[in-house]
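# Per-entry structural report
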Amino acid sequence: MAEVVRTEREGEIAVVTIDAPPVNAINQAVRAGLQQAFAALRADPTVKAVVLVCAGKTFVAGADIKEFDTGIGAPGYHEVYRLIEDSPVPVIAAVHGTALGGGTELALACHYRVADKGARFGLPELSLGIIPGAGGTQRLPRLMPLEAALDMMISGKPTVAAKAAEQGLVDRVIDSELRSGAIAYARELLAQGKGPRRTREQAVQGADKAAELLAAKRAQVAKTMRNRVSPPALLDAVEAAVKLPFDDGLKVEQAKSDELPLTTESKALRHLFFAERDVSRIPGLGKEVKPRNVAAVGIVGAGTMGGGISMCFANAGIPVTIVDAAQANLDRGLATIRKNYQRSVTRGSMSEAQLEQRMALISGSLDYAALSTADLIIEAVFENMALKKEIFAKLDKVAKPGAILGTNTSTLDIDEIAAVTGRASDVLGLHFFSPANVMQLLEIVQCAKTSPDVLVTALDVAKKIKKTGVVAKVCYGFIGNRMMDPYGREAERCVLEGATPAEVDGALEKWGMAMGILAVYDMAGIDIGHLTREARKELLPKDPSFYRPTALLTEKGWLGQKTGRGYYTYPEGKRTPDAESIAMFAAEAKRLAIPQRKPDATEIVERCLYGMINEGALLLEEGIALRASDIDVVYTAGYGFPRYRGGPMFYADSVGLAKIVARIEEFAKTLDPQYWQPAPLLKKLAAAGSSFAEYQKQQTK
Ligand code: 3H9
C-alpha cells in the first residue's frame, strides 16, 4: 500500500503530504503517519519550517467516519495534533478543496494557514451527531470571534477562504499554485524571524460576552435542533474553552467526543451519510453501464410541478422546453418561474443577471414537435391515467430515438403508461416532490422494461440537478406515498377516536416530524388525497372510518389553507384549532360508533410510525425498495422524517423489531385487525432477533 503520509524537502522547508484518496479522511494509519513524520522532523535540525499539504482533490475532509463504529485507534487526534502544534519550527497548513471536521481542526493545530482561493473550511460534526473532537471546540474560538466560531460549528456550513481570512482563520489566500505559494509564505515567515504561533496559547476572542452568547445559542438549539444531544454537548465544550485553561477544556471536549458516537442520534446520522451515497449503487449494474447524454430536456405541463422541474434543469445549466396545451398555461407557468427566481434575487441568493440566464434556458411551446431534440422528456400533468397515456403516445411519435421518457406520476402504474409507446425500455418514473425546485428527493421508478442505461442516466441526472435519486419499482405510491398511507390512516383514525388534530400533529412533531400530517394535508390541499382515493375506491378497505375526516372536510369544501380552513382554521394566516371541525369529527365518530379511546401521544406516534414501518417491510419483501436504507433516504429527504432518527427502518431497528411486532400484535387485538398484521419479513427478523440493517447486509453479500 502507498504511504498515506510522506515527507519531502524543498531546501530548508519540509513538505508533509497526506495522500489518502478519495478525500484524505483521517484514520488510524494517517494519524500514525503524521505522528511518525512530525516526530522525525523534530529530530532534524536542518528543517526550518514545515508545510502540510494534501494530495488529490481536497485537503482532509474530516475524520474517517467509519472509524467511529470501531472506536478511534491509537494514536488519538489530540496526541497527534499536539505533536504538530508543539513543533519547534513553524508549521503552515496549505489548504485546498474542502477542509472539513478533523481537517479544519488539523489546520487549526498548525501555526499558520494559507488557503487556495477556492478552499472552504467547515466543521460539520453536528450533522453526524458528534462535536469537533480534535481540538476544534477549543482552538476555533481562539482564532476567530466566539460568535462566528459558534455559528460555524452550529450551522456546519463551510466558510470560503476569503471570509475565513477576514475572520482570522486564514493568514493568506493564495491565487497561484498552492504548494509553491505555501513554501514562499514559509520563507517569508522565516525571513521575518517568525516562529511557531500556537493557537492554544491565544485567548478566546469575546470571552467577556460569552455567558450571554452561550445562553442565546442554547435557546436557539433547543428550538431548532429539538430532541438532539450533540448541540448542547457542543455548547458545553465551547463553554469549557471560555472558562477553563486549554488543556482542561480539551479534556471536556474529549469526554463528550468519546461518548457521542455511541448515541443513537450519531449512529442514525452516520447511517444516513452512507445510505445517501449507497442509493446510486444498483445491484447487478456495474460501471460498464454508461449514462446517456442529457443536454436538452423537455417538460410536458406548465403547472406547478412542470415549472418547478424546469427550474431544476435550468439551475444546472440544461436548456428546457416546456410544452402545454394552452398558451395561457404557458404564460402563467413562465411567469411563476420568473417570480420564484425573483424571490431569490430579492433574498440576495441570486443576481438579476443569473435570473436572466436561467430564464433564457427555459422556453415554451404549444407544439409537441418542439420536444423532438430533447434527450429527456418529463411529463408533469395531473394524475389522470387516460391523459398520461394520450401524452405518451404523442411523445412516442415526436421524441428522437434514444430519448428518455419520464413521468412525474406519484401513484399511477407506469408499466401501463409505458405500454402505449413503442419504446417501453426508454420509459421510467421521475417522481419529484413539491416544490420541485426545493425538495431534495427524486424517486426514480424502474418499470418492468426500463433498460439499465436509462436507470443509470436517471441517477446521473439526479446528481446533476443536485437531487437525491432513490430507485423504486412500480407499485401504488412507490416507496414514499405507499408508506404514507398507513401513517395518514392512523392519524385520521386517532382523530375519530377523540384526539384533536392539534394533539395528533403535536405528538408527531414533538417526536420529531418536521410537520404533523394533518397540517401537511391542510397545506397541500385536503382534496388531493381524497380524490386519489376516490379514483381507486374499489381497491381500498371497506371500512367507513378509513380516511373519513379528510372525506368529510372535502365534502364540506374545507380544503385546507387554500380555502382558509381544513383540519385547522387560519385567521390571519395562523394555524388555529377549529372547534367546528373537531365537533364535526366527534359527531361522525358517534354516527360510526367509534369508541372514544382518546389515544395519548405515545400511542399516536406508535400507531402512525409502526404502520409505516410495517409497510416498509412489505416493500422490501416485494422488492419495490432495493434496501432498507433507501427507504430511510426517501423519508428523510422527502417527508420531513427527522434525520437524527435515521429514517423509519433505522428507527425500527433502534426500537427493536421484537417490540414493534409485539405492539402490532397488540393493536390487532385492540384496534382494527385488518390493518395490524405484521409483515412476514418483520415477523421473521424479529423472531430471529435480527434487524433491517442485518437483513440488508445479508442481501448485499
Ligand atoms: C470529524 O471530522 C470528527 C472530528 O472532529 C474528529 C473527532 C474525534 N469518512 O461525498 P462523496 C467517502 S467527522 C469516510 O461521494 P464528493 C464517501 O463515502 C467528519 N468516508 O464525494 C465516498 O465513498 P464511496 C467530518 C468518506 O466529492 C467517497 O469518500 N467530515 C468521508 O461529492 C467520496 O465522497 C465530513 O462530514 C469521511 N469523512 O464530496 C465530511 N468523506 O465512493 C464528509 C467522504 O465509496 N464528506 N467519504 O461512496 C463530505 O462532505 C464529502 O464527501 C466531500 C466530497 C465534500 C468531502
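Rules and cut-offs
- Residues numbered from 1 in each chain as written.
- Predicted model: local features only at pLDDT ≥ 70, side-chain atom pairs only at ≥ 80, totals over all residues.
- Heavy atoms only, no water.
- Helix = DSSP H or I, 4+ residues; strand = E, 2+ residues; numbered from the N terminus.
- Rg over C-alpha atoms; globule rule 2.2 N^0.38 Å.
- Buried < 20%, exposed > 50% of the residue type's maximum accessible area, 1.4 Å probe, protein only.
- Contact = heavy atoms within 4.5 Å.
- Areas by Shrake-Rupley, 256 points an atom, 1.4 Å probe, with all protein chains shown as cover.
- Expected span 1.5 Å × (residues − 1).
- Arc of directions from axis to C-beta.
- Pairing = 2+ DSSP bridges.
- Right-handed = clockwise from strand over helix to strand, strands pointing away.
- Near = heavy atom within 4 Å.
- Polar contact = N/O pair within 3.5 Å; in protein donor to acceptor, adjacent residues only side chain to side chain.
- Axes fitted to C-alpha atoms, helices over the stretch in contact; angles between N-to-C directions.
- Salt bridge = Lys/Arg side-chain N within 4 Å of Asp/Glu carboxyl O.

### So, the overall build of the protein chain
- Of the regular secondary structure elements, the protein chain holds 30 helices and 19 strands.
- In terms of overall size, the protein chain behaves like a compact globule, its C-alpha atoms giving a radius of gyration of 28 Å where 701 residues would be expected to give roughly 27 Å.
- Counting only C-alpha atoms, the protein chain reaches 85 × 60 × 55 Å along its principal axes.
- Across the 701 residues that make up the protein chain, the buried fraction comes to 54%.
- At a minimum sequence separation of 6, the contacts of the protein chain that also span at least 24 residues come to 73%.
- A total accessible area of about 28900 Å² is found for the protein chain, and carbon and sulfur atoms account for 55% of it.

### With respect to helix α11 (residues 246-259)
- With 14 residues, α11 should cover 20 Å at 1.5 Å per step; its first-to-last C-alpha distance of 20 Å lies within 8% of that length.
- Listed as buried for α11 are Phe246, Gly249, Leu250, Glu253 and Ser257. Across the axial projection of α11, the buried residues extend over an arc of 100 degrees, all falling on one side. Seen from the open side of α11, the exposed residues pointing more than 90 degrees away from its buried face are Lys251 and Glu259.

### Here we look at the pairing of strand β17 (residues 468-473)
- Burial analysis of β17 places five of its six residues in the buried class, which makes it a mostly covered element.
- As judged from the six bridges shared by strand β16 (residues 441-446) and β17, these two strands associate in the parallel manner. Counterpart to Gln446 in the pairing with β17 is Lys473.
- The β-α-β motif built from β16, the intervening helix α18 (residues 452-464) and the parallel element β17 has right-handed crossover chirality.

### Points about the site of the ligand
- Around the ligand, 28 residues are found, and the nearest of them are Lys57, Ala63, Gly102, Glu105 and Glu125.
- Interatomic distance of 2.9 Å between a backbone N/O atom of Ala61 and a nitrogen atom of the ligand.
- Here an oxygen atom of the ligand and a backbone polar atom of Ala63 are 2.7 Å apart.
- Starting from 1000 Å² of accessible surface for the ligand in isolation, the protein chains cover 74%.
- Here the shell around the ligand gets three residues from one element, more than from any other, and that element is helix α12 (residues 264-278).

### So, the sheet that holds strand β2 (residues 13-18)
- Overall, mixed pairing links the six strands, which are arranged β1-β2-β3-β4-β6-β9 in an open sheet. Each of the sheet's edge strands pairs with one partner strand only, and the pair in question is β1 (5-10) and β9 (172-174). Ignoring which end each strand starts from, the neighbouring axes of this sheet average 25 degrees apart.
- Sheet analysis places β2 next to strand β3 (residues 49-54), joined by six bridges and oriented parallel. By the bridge assignment for β3, Ile18 is matched with Cys54.

### Concerning the environment of Ile72
- With respect to the helices and strands, the residue Ile72 is situated in the loop between α2 (67-70) and α3 (77-85).
- Relative accessible area serves as the criterion here: at 39%, Ile72 is assigned to the partly exposed category.
- In this structure, the C-alpha to C-alpha distance between Ile72 and Phe585, residues 513 residues apart in sequence, is 56 Å.

### Brief notes about the sheet that holds strand β5 (residues 98-100)
- Strand order in this open sheet of three strands is β5-β7-β8, and the pairing throughout is mixed. In the strand order of this sheet, the two ends are held by β5 and β8 (159-160), each with one partner.
- The pairing of β5 with strand β7 (residues 120-122) spans three bridges and is parallel. Paired with Ala99 across the two strands is Phe121, which belongs to β7.
- Lying over the sheet, helix α4 (residues 102-109) contacts β5 and β7, oriented at roughly 90 degrees with respect to β5.

### Considerations on the pattern of salt bridges
- Using the criterion set out here, one finds 54 salt bridges in the structure.
- Between Glu379 and Lys388 there is a salt bridge, with the nearest N and O atoms lying 2.8 Å from each other.
- By relative accessible area, which is 1% here, Lys388 ends up buried.
- Arg597 is paired through a salt bridge with Glu497; the nearest N and O atoms lie 3.4 Å apart. One end of the pair, Arg597, is in the loop between α24 (579-591) and α25 (601-622); the other, Glu497, is in the loop between α19 (480-496) and α20 (501-511), and 100 residues separate them in sequence.
- Taken together, the shared-partner salt bridges connect Arg489, Glu490, Arg493, Glu497, Arg597, Glu603 and Arg607 into one network.

### Section: α18
- Taking 1.5 Å of rise per residue, the 13 residues of α18 would be expected to cover 18 Å, and the 18 Å separating its terminal C-alpha atoms lies within 8% of that figure.
- By the burial criterion, the buried members of α18 are Val454, Leu455, Val456, Thr457, Ala458, Leu459, Val461 and Ala462.
- In this fold, the buried residues of α18 make contact with α13 (304-315), β13 (376-379), β14 (404-407), β15 (427-432), β16 and β17.
- Lys466, located one to two residues past α18, shows a positive phi value of around 60 degrees.

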